Amino acid sequence: MTDSVAQHAGLPHAVFLHRLAGESPSSALEPRLGRAAFVALRLVDLLGAEYTTLHPDAFHYQYVATARCCRDLPPGATERSHLVGLVQGTHDAFEQRSVGLVLPALFAYAHYLEDEMRLGEALDVLDTLLQVGGEKLPPTDAVGARLRRARVYRKLNEFDAAEQSYADGGALAATIGDTHSELLSRIGRGYVVTARGNLAEAEHALRGVLGDAERLGDAAAQALAHQGISVVLNTVGQPSEAIPHAWRAFELYTDDVSRMRALGDLGTMLLTVGDVESAERALGEILRRGATHEVLDNATIELMHCASYRRDRVGFERWREQCDARRESMPPNILVDYMLKAAIGRARFGQLDRAERLLTSALRMADEAGLHEFTFRIERIQAGLRDCDCTEPAAESALRSEAVKEVSASLAELGA
């Protein structure tokens, strides 16, 4: 199966067939999972409105074949469990004429794929959920699917689609009085504005959401707003002001996935103010506890950056090799960040030619993906690369405020 075949116009769920297009033998696990996901979602399609007159026998034959395909997968694979549950949920939904019975499995599978950074596949599952559910989709599920789809679009750097999906989800949430989802919609749009590079507008919007979330007593929305504000402040060169917001987000979150994401941001910011020990403590905690693919990628990149900051050549190469082994699955924003920080590391060790090549590649990727903030940052670094003595150890930072010192002390207690 080649990419051109997998992308054949009109072939539903072709994104899953891309797993068959690599060099892996047909007996390898990834191609088998891709094939099973494809046929499982083709089964889900039978719940759509156009198949309401489908004869039960036709569904039964396809269900039996699909269930066998999924059960034959290795039992230890997490994705197999999702697919088996999805097929069973589809069977129950068809038998009882209730599409709601398959929705939890679709949501769970989409979430799994997003965590694994299989973003195109996650988008396909969410689109399938909305198409199959149609007008029968409960309003809360319709809102949740649109907001999650917006988040996936944002991670794919498809910002126009992300903004539209956030707006659609927020408008629908308003009609049912779902204030939490309305706040999430506004926060998501603030994140998109941040990614586009309009940082002043992003900060204004996120601070407005934070005030409303505090007034409503919505701790989850407060956490997201604090985290968004911290990213904006750090990006505009105010890391000391950003760090307390990142720590507050960590405190407010109740789920481990979000807490580890906040801890990753915190580690990045602590390194910015020169507190490399606290930064490595935060990032090491992520590796110790475990996290999603995206958060682990970011933590590994930042640990590489910490090593070059300390001029630890051996540590830098060790972390760089781990990043390089993961780069094929990195989305554009994470890949550009990796290449930028690998270039900075090369410069710190006197390898300016290699640093320039990496920066050129990173700039091209940032331009192609519309990552304007990265573009500005890379261009500034390129302009001054030959003028600074990057091999000198970093000077003591004057950016560590009392608030930052308090966060560092709290972080030390966390790992004690």
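Data block above holds the structure.
Throughout, a residue's number is its position along its own chain's written sequence, starting from 1. Note on the predicted model: pLDDT of at least 70 is required for a residue's local features to be given, and 80 or more for side-chain atom pairs to be given and counted; whole-chain, interface and lining totals, by contrast, use all residues. Each side-chain value is worked out from all heavy atoms of the structure, with water and hydrogens disregarded.

Visitor: Explain the pattern of salt bridges residue by residue, including any values.
Guide: Salt-bridge detection follows one rule: a side-chain nitrogen of Lys or Arg within 4 Å of a carboxyl oxygen of Asp or Glu. Here the structure, examined in full by the defined rule, presents 29 salt bridges. Among the salt bridges present, the one from E280 reaches R310, with a minimum N-O distance of 2.9 Å. You can see E280 sitting in helix α14 (residues 276-289) and its partner R310 sitting in the loop between α15 (293-309) and α16 (313-326), a full 30 residues away along the chain. Classification of E280 by relative accessible area gives partly exposed; the value is 23%. Only runs of H or I of at least four residues qualify as helices and only runs of E of at least two qualify as strands under DSSP, and these elements are numbered from the N terminus. Per-residue accessibility, obtained with a 1.4 Å probe over protein chains only, is compared with the maximum for each type, and a residue is labelled buried under 20%, exposed over 50%, and partly exposed between these values.

Visitor: If you had to explain the packing of helix α7 (residues 139-155) against helix α8 (residues 159-175) to someone new, which residues and values would you point to?
Guide: Axis angles are defined between N-to-C directions and span 0 to 180 degrees, where every axis is a line fitted to C-alpha atoms and, for a helix, only to the segment in contact. At a minimum axis separation of 8 Å, α7 and α8 run at an interaxial angle of 160 degrees. As the angle between them shows, α7 and α8 are arranged roughly antiparallel. Considering the relative orientation of α7 and α8, their crossing is left-handed. Of α8, the residues touching α7 (which contributes P139, A142, V143, R146, L147, R149, A150, R151, Y153 and R154) are F159, A161, A162, S165, Y166, D168, G169, G170, L172 and A173. The class makeup of the residues in the contact of α7 with α8 is twelve nonpolar, three polar and five charged. We call two directions roughly parallel when the angle between them is under 35 degrees, roughly antiparallel when it is over 145, roughly perpendicular when it lies between 65 and 115, and oblique otherwise. Here a crossing is taken to be left-handed if its near helix is turned anticlockwise relative to the far helix by less than a right angle, and right-handed if that turn runs clockwise. Should any heavy atoms of two residues lie within 4.5 Å, those residues are considered in contact. Note on residue categories: nonpolar means Ala, Val, Leu, Ile, Met, Phe, Trp, Tyr, Cys or Pro, charged means Asp, Glu, Lys or Arg, and polar means any other residue, Gly included.

Visitor: Quick rundown of the environment of G345? Include the residues and the values.
Guide: Mapped onto the elements, G345 comes out in helix α17 (residues 332-348). Residue classification places G345 among the buried residues on the basis of a relative accessible area of 0%. Sequence-wise, G345 and Y309 are 36 residues apart; in three dimensions their C-alpha atoms are separated by 7.6 Å.

Visitor: Please provide a residue-by-residue account of the packing of aromatic side chains, values included.
Guide: Each aromatic ring pair is characterised by the separation of its centres together with the angle its planes make. Pairs were defined over the aromatic rings of Phe, Tyr and Trp, the Trp ring being its six-membered one, requiring ring centres within 6.5 Å. Orientation was assigned from the angle between planes: stacked under 30 degrees, edge-to-face over 60, tilted for the rest. One pass over the full model with this rule turns up six aromatic pairs. On the basis of an interplanar angle of 50 degrees and a centroid distance of 5.4 Å, the ring pair of F316 and F349 is categorised as tilted. Separated by 33 residues along the polypeptide, F316 in helix α16 and F349 in the loop between α17 and α18 (352-369) bring together distant segments of the chain. A residue is classified by how much of its surface remains accessible, and F316, at 0% relative accessible area, is buried.

Visitor: Give a description of the environment of E328 that names residues and reports values.
Guide: Structurally, E328 is set in the loop between α16 and α17. In this structure the C-alpha to C-alpha distance between E328 and E280, which are 48 residues apart in sequence, comes to 25 Å.

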